[in-house]
Amino acid sequence: MRPVLRRRRRPGRRALQRPSRRHRPRPLRAVERRIGVAGGTDRSAAIRGAARGRWINILITDVEVARDLLDD
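Looking at the overall build of the protein chain
Helix and strand counts for the protein chain stand at 4 helices and 2 strands. In the protein chain, the order of α-helices and β-strands from amino to carboxyl end is α-α-β-α-β-α. Looking at the protein chain as a whole, 12% of its 72 residues qualify as buried. Looking at the protein chain alone, contacts between residues at least 24 apart form 39% of all its contacts between residues at least 6 apart. Carbon and sulfur atoms form 51% of the exposed surface of the protein chain, whose accessible area is close to 7,300 Å².

Next up, the structure:
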């Protein structure tokens, strides 16, 4: 049996042809529960940005991050 020869794809070509469904903002914001799970004070700025941008509406985090977010 002969091996099947496949044409090589250039890296990133598929991404340029059609947009990914994961990065479309409207369908994600249409979801009722958008849960963010993150911890560590080094993530506070990213968590704050996600909450302010309304990318998440439920947050699961640790006490230090919660206090940091509430102090602002």
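Looking at a nonpolar patch on the surface
Together, Ile35, Val37, Ile58 and Ile60 make up an exposed nonpolar region whose accessible area comes to about 370 Å². Listing elements by their share of the nonpolar patch, those giving two or more residues are strand 1 (35-37) and strand 2 (58-60). Mapped onto the elements of the fold, Ile60 is located in strand 2.

The rules behind each value
Residues numbered from 1 in each chain as written. Predicted model: local features only at pLDDT ≥ 70, side-chain atom pairs only at ≥ 80, totals over all residues. Heavy atoms only, no water. Helix = DSSP H or I, 4+ residues; strand = E, 2+ residues; numbered from the N terminus. Buried < 20%, exposed > 50% of the residue type's maximum accessible area, 1.4 Å probe, protein only. Contact = heavy atoms within 4.5 Å. Areas by Shrake-Rupley, 256 points an atom, 1.4 Å probe, with all protein chains shown as cover. Patch = residues over 30% accessible without salt bridge, like charges linked within 9 Å, V, L, I, M, F, W, Y side chains within 5 Å. Salt bridge = Lys/Arg side-chain N within 4 Å of Asp/Glu carboxyl O.

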